[in-house]
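# Coordinate inspection notes
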Amino acid sequence: MPLLYIDLIEGRTPAEVRSLLDAVHDAVVDAFGVPPRDRYQVVRSHPAHETIALDTGLGIDRTPSLVIVQMVSRRRPRELKQKFYELLASTLAERCGLDPADLIVSITENEDEDWSFGHGRAQFLTGELTAEAQR
């Protein structure tokens, strides 16, 4: 955890998608200090006509390279969220050539009781996860 949903417009190769996922994960690890094996990502690809992402009046021009990242996570301090936004934009630009104007990020927070990683148990509550994994 966190759980990341990454929405893309169709057209990327499997190698491009994997590079993007690796870059997103590295930004999560660097910004929030989560363990490297704490990786939960789901990619959803859409035809261009199924995605509308305007600019909320900010004057941001978007292209078909648009990446929308939705993160579901335990609560994080504001400064770490800001660090994540910056790291994600710079990492995707450097490693995937993504224009930062083509990145939208949204974080939804929840609590320990909202997670089950398998076997029908809430591992944060049962103590099955160590303090290290609970970042």
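The rules behind each value
- Residues numbered from 1 in each chain as written.
- Predicted model: local features only at pLDDT ≥ 70, side-chain atom pairs only at ≥ 80, totals over all residues.
- Heavy atoms only, no water.
- Helix = DSSP H or I, 4+ residues; strand = E, 2+ residues; numbered from the N terminus.
- Contact = heavy atoms within 4.5 Å.
- Expected span 1.5 Å × (residues − 1).
- Buried < 20%, exposed > 50% of the residue type's maximum accessible area, 1.4 Å probe, protein only.
- Core = buried A, V, L, I, M, F, W, Y, C linked by side-chain atoms within 4.5 Å.
- Phe/Tyr/Trp six-rings, centres within 6.5 Å; stacked < 30°, edge-to-face > 60°.
- Lys NZ or Arg CZ within 6 Å of the ring centre and 35° of its normal.

Note on placement: Leu 3 falls in strand S1 (residues 3–9). The spacing of Leu 3 and Ile 104 is 101 residues in sequence and 16 Å in space, taken between C-alpha atoms. The contacts of Leu 3, once residues within four sequence positions are left out, are Tyr 40, Val 42, Gln 70, Met 71, Val 72 and Trp 115.

Let us now look at helix H1 (residues 14–32). The end-to-end C-alpha separation of H1 is 27 Å, in line with the 27 Å expected for 19 residues at 1.5 Å each. Every buried residue belonging to H1 is among Val 17, Leu 20, Leu 21, Ala 23, Val 24, His 25, Ala 27, Val 28, Val 29, Ala 31 and Phe 32, and all of these are buried. Against the buried residues of H1 lie S1, strand S2 (40–46), strand S3 (67–74) and helix H2 (78–96).

The next thing to look at is the nonpolar core. Core analysis: the biggest nonpolar cluster contains 24 residues, and Ile 6, Val 67, Phe 84, Leu 88, Leu 92 and Leu 103 have the highest contact counts within it. Every element with two or more residues in this core is listed here: S1, H1, S3, H2 and strand S4 (103–110). Here this core gets 10 residues from one element, more than from any other, and that element is H1. If near-sequence neighbours (up to four positions away) are discounted, Leu 88 is found in contact with Val 24, Ala 27, Val 69, Leu 103 and Val 105.

Another point: the packing of aromatic side chains. According to the stated counting rule, one finds 5 aromatic pairs in the structure shown. Measuring from ring centre to ring centre gives 5.2 Å for Phe 32 and Phe 84, while their planes differ by 40 degrees; the resulting arrangement is tilted. Linking Phe 32 in helix H1 with Phe 84 in helix H2, this pair joins segments that are 52 residues apart in sequence. Aromatic pair Tyr 40 and Phe 117: ring centres 5.5 Å apart, planes at 45 degrees, arrangement tilted. Here the residue Tyr 40 occupies a position in strand S2, and Phe 117 occupies one in the loop between S4 and helix H3 (123–126), the gap between them amounting to 77 residues. Exposure remark for Phe 117: the relative accessible area of 28% places this residue in the partly exposed category. Three or more aromatic residues joined by ring pairs form one cluster here, namely Tyr 40, Trp 115, Phe 117 and Phe 124. Here the basic side chain of Arg 74 rests over the ring of Phe 124, its NZ or CZ set 4.3 Å away from the ring centre. Over the ring of Phe 32 we find Arg 76; its NZ or CZ atom is 4.8 Å from the centre of that ring.

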